Amino acid sequence: MRVVAKKLAVIGAGLMGSGIAQVSAQAGWEVVLRDVTDEALRRGTDGIKASYEKFVGKGKLEESAAEAALSRITATTDMDAAADADVVVEAVFERLDVKQEIFRTLDGLVQDEAVLASNTSAIPITKIAAATGRPERVVGTHFFSPVPMMALCELVRGLKTSDATLAAAREFAESVGKTCIVVNRDVAGFVTTRLISALVVEAAKLQESGVATAEDIDTACKLGFGHAMGPLATADLTGIDILLHATENIYTESQDEKFAPPEQMRRMVDAGDIGRKSGQGFYTY
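What comes next is a walk through the structure. Predicted, not measured: the structure shown is a model, and the values here were computed from it.

For the rest of this paragraph, the subject is a nonpolar patch on the surface. The grouping of I181, V191 and L195 at the surface amounts to a nonpolar patch, some 240 Å² of accessible area in total. With a relative accessible area of 30%, I181 lands in the partly exposed category.

Here you go:
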């Protein structure tokens, strides 16, 4: 599905936000990419350009198409630029207070029919929507990293999300090439984050207690269960800090012990050993 003359605003120019902007612009959306600093926007747009160049170099994207997509992305520090967007996707750090402040601002800014979406991986959508006067227009659109490569988008219905909003979110996600699943009950962690968190926590506990090495645990999951990547390598790719925060959110909400992160994960984050982006996690890079 290709979209023409639709406007998307992405709040947050980090890896997730820039990835969402990239695939949306490539699909024909006019995109506003907003962050609080010019430096953050520069990193985001440089990442988008580099990604397009890789696709062009591999023959998966015409150079003219990449140039056209880039021309559809506007980077700004001005939140007002989101005012006329049809869809707004928030993709900032996993802190409820930060997200609520953004949605509170958007509520007084965007048009009545706009879809307000959060890319959160663990925070209940109902809590985010409570910061607005239009909870029926708020929905979860949980993309996966790296966004240009990962086919899934998890759509999350908050307690008051309307059918029309969910349908509009699906139309948007499918228009940028994603396959959707729907989470009908707004539980912390939804489907995918609960599954990966439980697996990573148990794998980390097995490695921490000396039952098996990280390599052997990951090999067991790849060869025994057909996983493309083992849970500890996945943690390193995602960011151990991000997964720790997600598991803590789920545990706080559910009080289910299987989501209680082991001490080792906390100490690794304290030490800055957070995975591929730091050069050290469960593996050395």
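In this section: the sheet that holds strand β2 (residues 30-34). Either a parallel or an antiparallel arrangement is found when strands of a sheet pair, and the pairing is made through backbone hydrogen bonds. Read from one edge to the other, the open sheet built from eight strands follows the order β3-β2-β1-β4-β5-β6-β7-β8, with strand pairing classed as mixed. Each edge of the sheet is formed by a strand with only one pairing partner; in this case those strands are β3 (73-76) and β8 (179-183). On average, each strand axis in the sheet is tilted by 25° relative to the strand beside it, whichever way the strands run. Here four bridges tie β2 to β3, and the two strands are oriented parallel to one another. Looking across to β3, one finds that V32 is bridged to T74.

Moving on, we get to the pattern of salt bridges. If you walk through the whole model with that rule in mind, you get 17 salt bridges. Residues D163 and R157 are paired through a salt bridge, measuring 3.0 Å at the closest nitrogen-oxygen approach. According to the relative accessible area criterion, D163 is exposed, its value standing at 56%. Ionic pairing is found between R266 and E248, a salt bridge with its closest N-O pair at 2.4 Å. Residue R266 is located in helix α11 (residues 263-271), and its partner E248 is located in helix α10 (residues 240-254); the two are separated by 18 residues in the primary sequence.

This part covers the nonpolar core. L8, I20 and F172 are the most contacted members of the largest nonpolar core, which totals 36 residues. With residues up to four places along the chain from it excluded, the contact list for L8 reads I20, S24, W29, E30, V31, V32, A85, V87, V89 and F172. Core analysis: the second largest hydrophobic core is formed by 20 residues, A9, A82, A114 and V156 among them.

All right, on to helix α8 (residues 214-225) then. With twelve residues, α8 should reach 16 Å at 1.5 Å per residue; the first-to-last C-alpha distance of 16 Å fits that figure. Immediately beyond the C-terminal end of α8, within one or two residues, lies G226, with a positive phi of roughly 75°.

This paragraph deals with unusual backbone geometry. Looking along the chain, the bond that leaves S145 and enters P146 is cis, with omega of -5°. Among the secondary structure elements, P146 is positioned in the loop between β6 (138-143) and β7 (152-157). You will see that F190, though not glycine, has its phi angle at about 55°, which is positive. By secondary structure assignment, the location of F190 is in the loop between β8 and α7 (192-208). Non-glycine residue Q255 carries a positive phi angle of around 55°. In this fold, Q255 is placed in the loop between α10 and α11.

Here the focus is the pairing of strand β1 (residues 7-11). Note on strand geometry: in a regular strand, side chains alternate between the two faces of the sheet. Most of β1 is tucked away: five of the five residues are buried. By the alternation rule, side chains of β1 split into K7, A9 and I11 and L8 and V10, which are all buried. Two strands pair when backbone bridges link them, and β1 and β2 are joined in this way by five bridges, in the parallel orientation. The residue bridging I11 from the neighbouring strand is R34, located in β2. A crossover connection joins β1 to the parallel β2 through helix α1 (residues 15-26); in handedness this β-α-β unit is right-handed. Taken together, the four bridges between β1 and strand β4 (residues 87-90) define a ladder with parallel strand orientation. Paired with I11 across the bridge in β4 is E90.

Relative to the assigned elements, V36 resides in the loop between β2 and α2 (38-57). Judged by relative accessible area, which is 59%, V36 ranks as exposed.

Here we take up the layout of surface pockets. Taken as a whole, the largest pocket encloses approximately 1,700 Å³ of empty space. As for the largest pocket, its lining consists of 48 residues, and the residues nearest its centre are M16, F144, S145, T238 and I242. For the lining of the largest pocket, the elements supplying multiple residues, two or more each, are α1, α4 (96-107), β6, α7, α9 (231-238) and α10. Looking at the lining of the largest pocket residue by residue, the class counts come to 25 nonpolar, 13 polar and ten charged. Considered as a void within the structure, the second largest pocket measures approximately 450 Å³ in volume. Taken together, 20 residues form the lining of the second largest pocket, with L15, Q22, G47, S51 and P146 sitting closest to its centre. Within the residue set of the lining of the second largest pocket, elements represented by two or more residues are α1 and α2. The greatest single-element share of the lining of the second largest pocket, amounting to eight residues, is contributed by α2.

Conventions we followed
Residues numbered from 1 in each chain as written. Predicted model: local features only at pLDDT ≥ 70, side-chain atom pairs only at ≥ 80, totals over all residues. Heavy atoms only, no water. Patch = residues over 30% accessible without salt bridge, like charges linked within 9 Å, V, L, I, M, F, W, Y side chains within 5 Å. Areas by Shrake-Rupley, 256 points an atom, 1.4 Å probe, with all protein chains shown as cover. Salt bridge = Lys/Arg side-chain N within 4 Å of Asp/Glu carboxyl O. Buried < 20%, exposed > 50% of the residue type's maximum accessible area, 1.4 Å probe, protein only. Pairing = 2+ DSSP bridges. Helix = DSSP H or I, 4+ residues; strand = E, 2+ residues; numbered from the N terminus. Axes fitted to C-alpha atoms, helices over the stretch in contact; angles between N-to-C directions. Core = buried A, V, L, I, M, F, W, Y, C linked by side-chain atoms within 4.5 Å. Contact = heavy atoms within 4.5 Å. Expected span 1.5 Å × (residues − 1). Right-handed = clockwise from strand over helix to strand, strands pointing away. 1 Å grid on protein atoms, 1.4 Å probe; cavity = no way out; pocket = protein on both sides within 12 Å on 5 of 7 lines; lining within 4 Å. Points joined across faces, edges and corners; volume = space filled by probe spheres on them. Nonpolar A, V, L, I, M, F, W, Y, C, P; charged D, E, K, R; others polar.

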